[in-house]
Every structure is written in C-alpha cells, then in structure tokens.
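Observations on the model geometry
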Amino acid sequence: MKSFIIKNKKLIMYIAIVLAFAMIFTTAELSAPSKTYDEIVDNIKTCSVPEGEVIAHGIDVSRYQGEIDFAKVKAAGYDFVIIRVGTSQGGKDRNFDTYYSDAQSAELNIGCYYYTYSTTAQEAKKEAEEVLGYIEGKSFTYPVFFDFEHGEHQSYHRTEENTAMINTFCKHIKRGGYYPGVYTSSSIYNSYINISEVENKWDFWVASYRDYTYSYDGFSKSFSMWQYSNIGRVDGINADVDLNVSYVDYPKIIEQFNKTLIKYTKYKVK
C-alpha cells in the first residue's frame, strides 16, 4: 500500500509539472500577436480628425526657393515647413538635407513631400521605397506626403488606379515607420479619386486658392491641411512660397503614432 501511495505522489507531481509547462507555453502564445508586424502596422490609425480651426501656419519648399533663412521664417510666425524630398523623375531634391538641418536648428516642425509622375501602384511602391531611403535616420513631426497632382492623374478613367497608387504609397511609408499623408488639388480630390477607399485611411492636404487667403471655412472640417496660396511672401525667403494652415495637432498625433509603433517593433522580422 505504501509503495502505491508513493508512486501516485510521483505521478501527481509529474502531471503538475506538465500542466505548469503547458500553461507557460499557452500564455506565451496568447501574448504573441496573431498577425504579422506589417498587418499590425496597417491597422494603426493614420487618419486624424480636423479640429475645425487653424492649429498652425506653415510653408512648403523645394530647391526653387533657393537659400532660406529658417530662423526668420520662424520669427515671422510660421510653425512648420514641409520640405520636398524629391520627385520620381528628378530624384532627391538637392536642398532637402540642408533645408532639413536648417529647419531643425530653427526649431520648426518638419514634414516632407514627394512629387510623383508615376501612373501605376507598382511604381508608387517603388517610389515609397525610394523615399524611405532618402529619409532614413530622420524624424518628422508632420507627415510624409505623397504629392499627387500631375496632369497624367487627372482623368476619370484613372480613378481606380489613382486610388490604388495612393493606398500603396501610404501603406509602405507607414510600414517604414512614418506617418503618411496625401497632397493633392481640390479638383483631383473631388473628381479623380475614389474617396470612399481613402478618406478613412489617410490625411489629406489639399490645395485650393480661394482669394489666396484661409478665411474660407469650408475646409476646416474636411481636410487636415489646406494650401491656400502659391504666391506667398515670407521673411527669410527671396521667392514666392506656398502658404498653408493645419487643422490638426500633428506633433502630438505623430508622437502618439511613434509610441504605438515602438510597442510592436519586437515583432518585426529583421
């Protein structure tokens, strides 16, 4: 009888150990994501809600603005600058790195944009990869914008392809660790994009020159940013420059976006 009790004690201990290990592995499986890193990132929200009022004033620039004194731009009351990183035909903007460094020194909030001439989603993916190479190691407090305004895109028969291009570029920028957005004209937005497939995915920065002022309130609840003039004059720049207002607090939004990304980096395949 004594031998029987001892054997049963050993059996009970063995079962307990097996159950303990089973619980450990089950807990580990439950804590691991059921989706890939890219699928997780795809589900992170990158569509902000405009606040209905101007949050910040800013400019966008490219090499055509020449030498810029960003300290004077800042002193003139501008909060942010969106810098052209390049184009699909001309490559990287030769002033991008200088503008970025100088704008940082002036303590301006910074975003960037890439002008596309491409016509397919496959080409848009390659452009996104190109942009990620250009901006590697840099941080932004405004989005990385897909500049979608070329004449080739302004055709009704291109609506689906245009939409696919936007979704593809923005998705790959987002997977690359940056908050994406789309720049376009009000006419392209209203006529040549399938809005139902993009409006709840990405932020839109729209150009429309209504009397070259931002007094019109029609955009304040529809878009994240509005480019209201392409003939602005700003202290520190010896050329016309685009003027913009933002209806969202991008530094705050992107800070939260970055914090969310960090939580999932351990699941990223090297």
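Here the structure is shown first, and the text comes after it.
Presented here is a report on the structure given in the accompanying data block. (Residues numbered from 1 in each chain as written. Predicted model: local features only at pLDDT ≥ 70, side-chain atom pairs only at ≥ 80, totals over all residues. Heavy atoms only, no water.)

Another aspect to go through is the packing of aromatic side chains. Across all of its chains, the model carries 18 aromatic pairs by this definition. Ring geometry for Tyr-113 and Trp-205: centres 6.4 Å apart, planes at 80 degrees, overall edge-to-face. Of this pair, Tyr-113 sits in strand β4 (residues 109-115) while Trp-205 sits in strand β7 (residues 203-207), placing them 92 residues apart in sequence. Each member of the pair, Tyr-113 as well as Trp-205, is classed as buried. Members of the aromatic cluster, each reached through a chain of ring pairs, are Phe-80, Tyr-142, Tyr-179, Tyr-250 and Phe-257. Between the NZ or CZ atom of Lys-138 and the centre of the ring of Tyr-100, over which it lies, the distance is 5.3 Å. (Phe/Tyr/Trp six-rings, centres within 6.5 Å; stacked < 30°, edge-to-face > 60°. Helix = DSSP H or I, 4+ residues; strand = E, 2+ residues; numbered from the N terminus. Buried < 20%, exposed > 50% of the residue type's maximum accessible area, 1.4 Å probe, protein only. Lys NZ or Arg CZ within 6 Å of the ring centre and 35° of its normal.)

This part is about helix α4 (residues 96-105). Those residues of α4 that sit buried are Phe-96, Tyr-99, Tyr-100 and Ala-103. Across the axial projection of α4, the buried residues extend over an arc of 100 degrees, all falling on one side. On its buried face, α4 is in contact with β1 (56-61), α3 (70-75), β2 (80-87), β3 (91-92), β4 and α5 (121-134). Positive backbone phi, at 60 degrees, marks Glu-107, one or two positions downstream of α4. (Arc of directions from axis to C-beta. Contact = heavy atoms within 4.5 Å.)

In this section: the pattern of salt bridges. In the structure shown here, the tally under the stated rule is seven salt bridges. A salt bridge links Arg-233 to Asp-240; the shortest N-O distance between them is 3.0 Å. Measuring nitrogen to oxygen at the nearest pair gives 3.9 Å for the salt bridge that ties Lys-259 to Glu-255. Pair noted here: Lys-259 and Glu-255 are both in helix α8 (residues 250-264), with a separation of four residues, about one helical turn. By relative accessible area, which is 47% here, Lys-259 ends up partly exposed. What emerges from the salt-bridge pattern is a single network uniting Asp-38, Asp-42 and Arg-175. (Salt bridge = Lys/Arg side-chain N within 4 Å of Asp/Glu carboxyl O.)

Below, the discussion takes up the nonpolar core. Where a protein is soluble and globular, its nonpolar side chains tend to be buried together. Counting 54 residues, the largest nonpolar core has Ile-59, Val-61, Val-81, Ile-135, Phe-140, Ile-166 and Ile-237 as the members making the most contacts within it. Considering every element that reaches this core, the biggest residue donor is helix α6 (residues 159-175), with five residues. In contact with Phe-140, other than residues within four places in its own chain, are Phe-96, Tyr-100, Ile-110, Gly-111, Cys-112, Ile-135, Tyr-178 and Ile-254. Formed by 19 residues, the second largest nonpolar core is a distinct cluster that contains Ile-44, Ile-82, Val-248 and Phe-257. (Core = buried A, V, L, I, M, F, W, Y, C linked by side-chain atoms within 4.5 Å.)

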